[in-house]
Amino acid sequence: MYIRHGSQTDQGRIRTSNEDSFIVNGRSKLFLVADGMGGHAAGEVASHIASTTVEELLTAPGDSQGDPAETLRLAAQSANAGIYEAQRENPEYLGMGSTLTALIFRSAQYYIAHVGDSRAYLLRDGTLDQLTRDHSVVWHLYESGVLRKEDLSRHPQKNLIIRSIGPHPQVEIDIESGEARERDVFLLCSDGLTDVLPDEAIRRVLSDGDKTPQELADTLVDAANMGGGPDNVTVVVVRLEPGAAQEQTP
Ligand code: CA
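Residues numbered from 1 in each chain as written. Predicted model: local features only at pLDDT ≥ 70, side-chain atom pairs only at ≥ 80, totals over all residues. Heavy atoms only, no water.

## Re the overall build of the protein chain
Link 1 in the chain: What the protein chain contains, in helices and strands, is six helices and 11 strands.
Link 2 in the chain: Whereas a compact globule of 250 residues would reach a radius of gyration of roughly 18 Å, the protein chain reaches 17 Å, a difference of no more than 12%.
Link 3 in the chain: Its C-alpha atoms put the protein chain at 50 × 45 × 35 Å along the principal axes.
Link 4 in the chain: As displayed, the protein chain has an accessible area near 11,600 Å², and 48% of this comes from carbon and sulfur atoms.
Link 5 in the chain: Measuring between centres, the 22 positive side-chain charges of the protein chain sit 5 Å from its 38 negative side-chain charges. (Helix = DSSP H or I, 4+ residues; strand = E, 2+ residues; numbered from the N terminus. Rg over C-alpha atoms; globule rule 2.2 N^0.38 Å. Areas by Shrake-Rupley, 256 points an atom, 1.4 Å probe, with all protein chains shown as cover. Lys, Arg positive; Asp, Glu negative; His and termini not counted. Charge placed at Lys NZ, Arg CZ, Asp CG, Glu CD.)

Rendered as structure tokens:
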């Protein structure tokens, strides 16, 4: 089994800048999406700090020792501290924050650290499951049975996030983990994708085994833009291919 990945980001059709960041690091088996928020370019700064901090810590020598879930949690907590400190030092950055959805593979298991309303999905045996819970007002309404999932993207408060990386000195980080299997397809994405494409449309795209992960990523971003492109959109697609490891760059 080996990892094949693809990624794409676009500012969309409305926004004039892209505040999303992402990392694909095949060597360290680290993939992440971060969606920044805050005025005056602060969103870009926040998502950049989030992604680079996690990458630095996950690729540091010695990362392979210890509990992967704990390593991931500490990296996400450091990202939180980095953004929090940056806005204490620079008033222009006050209130900035970022989502963070980071995925690593260690010993045939996957581990996800997650805060905010970006998402991780897993397509396995034709079924698409959302592995993360959105930390948003509307997700709360969905879980309490008030809203259907397909109505979340139309709700006026759909962008209200109740937990993000950066605004506070500490943050609670969700950790998900499970067995990684051959032919699994993982998707990390910002809400610029899921506000436009329902889960079933995403499932159909990801189910195309003839396309490379890069082609799948391109297709998803194109679909978000064809659906109006209301927001920055970022997708990372990771497929666990059967057979011997092959090199993919980067
Ligand atoms: Ca967004």
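## Notes on the side chain of serine 7
Link 1 in the chain: For serine 7, the location among the structural elements is in strand E1 (residues 2–10).
Link 2 in the chain: Assessed through its relative accessible area of 13%, serine 7 is described here as buried.
Link 3 in the chain: Residues in contact with serine 7, not counting those within four places in the same chain, are Phe22, Val24, Gln214, Ala217, Val235 and Val236. (Buried < 20%, exposed > 50% of the residue type's maximum accessible area, 1.4 Å probe, protein only. Contact = heavy atoms within 4.5 Å.)

## Concerning the pairing of strand E11 (residues 233–241)
Link 1 in the chain: With nine of nine residues buried, E11 is to be regarded as a mostly interior element.
Link 2 in the chain: What you see with E11 is no split at all: Val233, Val235, Val237, Arg239 and Glu241 on one side and Thr234, Val236, Val238 and Leu240 on the other are buried throughout.
Link 3 in the chain: With nine bridges connecting them, E1 and E11 associate as antiparallel partners. Of the residues in E11, the one forming a bridge with glutamine 8 is valine 235.
Link 4 in the chain: Sheet analysis places strand E10 (residues 185–189) next to E11, joined by five bridges and oriented antiparallel. If you follow phenylalanine 186 over to E11, its bridge partner there is valine 238. (Pairing = 2+ DSSP bridges.)

## Digging into the pattern of salt bridges
Link 1 in the chain: Across all of its chains, the model carries 21 salt bridges by this definition.
Link 2 in the chain: A salt bridge links arginine 154 to aspartate 151, with the shortest nitrogen-to-oxygen separation between them at 2.9 Å.
Link 3 in the chain: Given a relative accessible area of 61%, arginine 154 falls into the exposed group.
Link 4 in the chain: Accessibility expressed as a relative area gives 19% for aspartate 151, which makes it buried.
Link 5 in the chain: Each member of the salt-bridge network shares a partner with another, and the members are Arg119, Asp134, Lys149 and Asp199. (Salt bridge = Lys/Arg side-chain N within 4 Å of Asp/Glu carboxyl O.)

## Points about helix H2 (residues 68–89)
Link 1 in the chain: Its 22 residues place the ends of H2 32 Å apart at the C-alpha level, agreeing with the 32 Å of an ideal helix rising 1.5 Å per residue.
Link 2 in the chain: Among the residues of H2, Pro68, Ala69, Thr71, Leu72, Ala75, Ala76, Ala79, Asn80, Ile83, Tyr84, Ala86 and Gln87 are the ones counted as buried.
Link 3 in the chain: Where H2 is buried, its residues contact helix H1 (42–58), strand E4 (97–98), strand E5 (100–106), strand E6 (109–115) and strand E9 (174–179).
Link 4 in the chain: Its side-chain oxygen 3.2 Å from the backbone nitrogen of alanine 69, aspartate 67 forms the N-cap of H2. (Expected span 1.5 Å × (residues − 1). Polar contact = N/O pair within 3.5 Å; in protein donor to acceptor, adjacent residues only side chain to side chain.)

Keep in mind these numbers describe shape, not what the thing actually does.
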